[in-house]
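Listed below are the residues making up each chain.
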Amino acid sequence: MVEQNAFVLHRRPYRENQLLVDLLTEHDGKVTALVYVGQSKRSIKKGLIQPFLPLKVIMKGEGVFKQITQVDSTAKSFSLIKHSLFSAFYINELMIRLLTEHIACTDLFLQYQKTLTALSQGSAIAPQLRYFELSLLEELGLSFDFSPVFEYDAHYFHYIPEQGFVPVYSALPKNSEQCFSASHLQAIAQQETLYQKPENTNQVNDKEPSEASNAETDAINFTFKLLMRHVINQLLGNKPLNSRKLFSKKS
Amino acid sequence: MKFSPLVQELIDSLKCLPGVGAKSAQRMAFQLLERNRRGGSKLASTLAKAMTDIGHCQQCRNFTEEELCEICLSPKRKVASTLCIVETPGDVIAIEQTGEFSGLYFVLMGHLSPIDGIGPEDLGLDILAKQFASGQFTEVILATNPTVEGEATAHFIAELAQQHHVNISRIAHGVPVGGELEYVDGNTLSHALSGRKSYFT
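Residues numbered from 1 in each chain as written. Chains lettered and ligands numbered in written order. Predicted model: local features only at pLDDT ≥ 70, side-chain atom pairs only at ≥ 80, totals over all residues. Heavy atoms only, no water.

J.: Break down the environment of A:Leu110 for me, with residues and values.
T.: All names here are of chain A. With respect to the helices and strands, the residue Leu110 is situated in helix H2 (residues 106–120). You can call Leu110 partly exposed: its relative accessible area is 39%. Note: C-alpha distance between Leu110 and Glu26 (84 residues apart in sequence) is 7.9 Å. (Helix = DSSP H or I, 4+ residues; strand = E, 2+ residues; numbered from the N terminus. Buried < 20%, exposed > 50% of the residue type's maximum accessible area, 1.4 Å probe, protein only.)

What follows is the structure, given as structure tokens:
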């Protein structure tokens, strides 16, 4: 019965006037809860059970589904439009698919807030998504060990789950979903140390292009994206993420 | 105790209705069998007919057993230059009841919701794009619901319409008639404030 901050990740109708809501809470991690949304003045308003609206909730119950007894918004909804909205959908879908319920993830909650703030302020989307993906992977107990990239003298590396980066010595590979250029990975490793310091989040973009040309930066970011996609796809299994379709149609 | 196979099949079939679980299905089955056989037979024949005959209107995607629905066939509306885009057939009825709109509709039959697996290809946007391309419409009203998914859908369609140089408008969000500001949630109220309009227009 403790009040805590939360965000709605997803909701679907349940019975006549209830909603089944997936929440990301500050102290309990991902939680599925039921909420009554009737027509009476006192019942909880549907307008509050919306994604990207910062909430304070009180839940009760010990069973599989908790019951939300009180909801209040703590601030204005994040105004996300166009691609930042689609990106936020992507983040929500990732969490719904990958997080286990009832495991506290306070750091990820704070990161989620930061990412939404950055997206609503119109910052560049890609670095925000990468940073969020890193936090999510860390929450899931996965973090990259970039040391082989510096130790081995290879132009390309594979990434294999539970083994990490493995050098590729054959001549054929290109920078594809399975093979990543060593120089790009080294750049990402340096970038990632920047990502690790939260206060530098917004400067990531300003810092790295100083030496490398823009095209080079784009190529590095693209490799970073492919690397993340490769790792996340392996976690997701056979079912692809639907929110990616929103982007593929646009580009 | 077990029910006879046909009774059990009837109960199981009734469970496909929304909000109907095992107990309600059982009650419905007994009610029909015991007290309302005629109603039951009528339901069965109508259901069978509806399931085979009802399809989507080729122009607006609303439910109809003909090729085009009544609204799309109406001579007055055929030449309308306004297109109202809604999420469900229920929304068409709601707007029709206001008597304020005399243009044509397009029913998406849902909204973009990646987590539920509903993507752009499920909303008939290819048919919609063809209608934009035909040049009949000068204004498109986006009347999707004021939810995050509704907004995403509206945005997606707005971009599509923009390519065809059609004017795009979005229905206003705000306080319901007869409502009290005190009980309106903050999100709605801030929409109402930011979308306020001049008193003397």
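J.: Go over a nonpolar patch on the surface, please, and point to the residues and values.
T.: Nonpolar side chains collect at one region of the surface, where B:Leu43, B:Leu47 and B:Met51 lie side by side and expose about 320 Å² of accessible area between them. The exposure class of B:Leu47 is partly exposed, given its relative accessible area of 45%. (Patch = residues over 30% accessible without salt bridge, like charges linked within 9 Å, V, L, I, M, F, W, Y side chains within 5 Å. Areas by Shrake-Rupley, 256 points an atom, 1.4 Å probe, with all protein chains shown as cover. Salt bridge = Lys/Arg side-chain N within 4 Å of Asp/Glu carboxyl O.)

J.: Tell me what's going on with empty space enclosed by the protein, and back it up with residues and numbers.
T.: Applying the stated criterion across every chain yields a total of three cavities of 30 Å³ or more. In this structure, the second largest cavity encloses a volume near 40 Å³. Around the second largest cavity, the lining residues are A:Leu9, A:His10, A:Pro51, A:Phe89, B:Ser113, B:Pro114, B:Ile115 and B:Glu149. Across the lining of the second largest cavity, the residue classes break down as five nonpolar, two polar and one charged. (1 Å grid on protein atoms, 1.4 Å probe; cavity = no way out; pocket = protein on both sides within 12 Å on 5 of 7 lines; lining within 4 Å. Points joined across faces, edges and corners; volume = space filled by probe spheres on them. Nonpolar A, V, L, I, M, F, W, Y, C, P; charged D, E, K, R; others polar.)

J.: With reference to specific residues and values, describe helix H7 (residues 214–236) of chain A.
T.: Residue and element names in this part refer to chain A. Its 23 residues place the ends of H7 32 Å apart at the C-alpha level, agreeing with the 33 Å of an ideal helix rising 1.5 Å per residue. Every buried residue of H7 is listed here: Thr217, Ile220, Thr223, Phe224, Leu226, Leu227, Met228, His230, Val231, Ile232 and Leu236. One or two residues past the end of H7 sits Gly237, with phi positive at roughly 80 degrees. (Expected span 1.5 Å × (residues − 1).)

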